[in-house]
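Survey of secondary and tertiary structure
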Amino acid sequence: PALSPSRFNPCASAFSAPVVLSTQFKETVITGDSSVLNDGVLIAANDLGDLPSAVTVNGVPFGTDQGGLIGSWQPQDPGDFSQDGFSVSLDAVLSDLQFNNTLSPVNLEIGALTPGASYRLQLLFSNDLNATGNRVNVTVQGATWVLDDWQPNPINLTVQFTATSPSAVVTFAPGAGSDG
């Protein structure tokens, strides 16, 4: 099957975590503010959408720094892409999109990591308006999670990993059979 562009709303938060020996992924449906995990030591949390919001969700303060976005990310027209009836703050984080209208992967670089230390990354996805972004391959330190058929549910994709260098690159690539 052909690869298609990806469209989704990534938000990221990173916490220190117990040591893990390999990269581990866990996909859970977001049901409300408590779906944004707040245990551990917060390293950074940022709304990476088109119109980022500085809000606090479940005690996690989200900033608006988008300096780690690498590649052909393209903000989309403003709109509410999360129509799930969550709190105003969680809805603000999930509502706006970043878009990649090419077949090339795009990246998010996370810096200020300590090699050998373990981290938990939370990637929040939501798009209730259309099916684009329903299939995306997320790669962290060489391990890939195929995030597919997740819509219409908003998703928190958590990634536990041990840093191998002072920075980690998260790659988002259109998945096989992607609907756009």
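Here we summarise the structure given alongside this text. (Residues numbered from 1 in each chain as written. Predicted model: local features only at pLDDT ≥ 70, side-chain atom pairs only at ≥ 80, totals over all residues. Heavy atoms only, no water.)

1. With respect to the overall build of the chain
Applicable threshold: For the purposes of this entry, the term helix denotes a DSSP run of H or I that reaches at least four residues, the term strand denotes a run of E that reaches at least two, and both are numbered from the N terminus. The classification of residues rests on relative accessible area computed with a 1.4 Å probe and restricted to protein chains. Under 20% of the type maximum is buried, over 50% is exposed, and intermediate values are partly exposed. By the convention used here, residues are in contact when the closest approach between their heavy atoms is within 4.5 Å. Note on areas: these come from Shrake-Rupley sampling with a 1.4 Å probe, and a residue is covered only by the protein chains present in the view.
Looking only at helices and strands, the chain has one helix and 15 strands in total. Relative to its full complement of 180 residues, the chain shows a buried share of 51%. Across the chain, every contact between residues at least 6 apart in sequence was considered, and the portion connecting residues at least 24 apart equals 79%. Roughly 7,400 Å² of accessible area belongs to the chain as shown, and the carbon and sulfur atoms make up 55% of that amount.

2. Digging into the pairing of strand 14 (residues 155–162)
Selection rule: Note on pairing: two strands pair once DSSP finds at least 2 bridges between them.
The element strand 14 is extensively covered by neighbouring structure, given that eight of its eight residues are classed as buried. Burial along strand 14 is two-sided: Ile-155, Leu-157, Val-159 and Phe-161 facing one way and Asn-156, Thr-158, Gln-160 and Thr-162 facing the other are all buried. In terms of strand pairing, strand 3 (residues 24–29) meets strand 14 through six bridges, oriented antiparallel. What sits directly across from Phe-25, in strand 14, is Val-159. Relative to strand 14, strand 11 (residues 118–125) runs antiparallel, the two being bridged by eight bridges.

3. Here's the deal with the nonpolar core
Operational definition: We call a set of buried Ala, Val, Leu, Ile, Met, Phe, Trp, Tyr and Cys residues a nonpolar core when their side-chain atoms join them within 4.5 Å.
By size, the foremost hydrophobic cluster in this structure holds 25 residues, and its most contacted members are Leu-123, Phe-125, Val-138, Leu-157, Phe-161, Val-170 and Phe-172. Of all the secondary structure elements, the ones that give two or more residues to this core are strand 10 (106–110), strand 11, strand 12 (135–140), strand 13 (143–148), strand 14 and strand 15 (168–174). Filtering out sequence-adjacent residues up to four positions away, Leu-157 remains in contact with Phe-25, Lys-26, Glu-27, Leu-121, Gln-122, Leu-123, Phe-125, Val-138 and Trp-145. Counting twelve residues, the second largest nonpolar core, distinct from the first, contains Val-36, Phe-62, Val-93 and Leu-124.

4. Points about unusual backbone geometry
As a rule of thumb, non-glycine residues mostly have phi less than zero, and peptide bonds are mostly trans rather than cis. One non-glycine residue, Gln-141, adopts positive backbone phi at about 50°. Assignment of secondary structure puts Gln-141 in the loop between strand 12 and strand 13. Not every positive phi belongs to a glycine, and Asp-149 is a case in point at roughly 55°. Overall, the relative accessible area of 47% leaves Asp-149 in the partly exposed class.

5. Some thoughts on the environment of Val-55
Topologically, Val-55 is positioned in the loop between strand 4 (42–47) and strand 5 (56–57). C-alpha of Val-55 to C-alpha of Val-88: the two residues are 33 residues apart in sequence and 9.1 Å apart in space.

6. Considerations on the environment of Asn-137
With respect to the element layout, Asn-137 can be found in strand 12. Sequence separation of Asn-137 and Leu-147 is ten residues, and the distance between their C-alpha atoms is 5.9 Å. Dropping the residues within four chain positions of it, Asn-137 is found in contact with Thr-144, Trp-145, Val-146, Thr-171, Phe-172, Ala-173, Pro-174 and Gly-175.

7. A look at the packing of aromatic side chains
The line we're drawing: Between rings of Phe, Tyr and Trp, where Trp is taken as its six-membered ring, a pair exists when centres lie within 6.5 Å; planes separated by under 30 degrees are stacked, by over 60 edge-to-face, and by other angles tilted.
For the coordinates displayed, the defined rule picks out four aromatic pairs. Note on Phe-25 and Trp-145: the rings are 5.8 Å apart at their centroids and 25° apart in plane angle, and the pair reads as stacked. Of this pair, Phe-25 sits in strand 3 while Trp-145 sits in strand 13, and the two are 120 residues apart along the sequence. Members of the aromatic cluster, connected to one another through ring pairs, are Phe-125, Trp-150 and Phe-172.

Nothing here speaks to function; it is geometry throughout.
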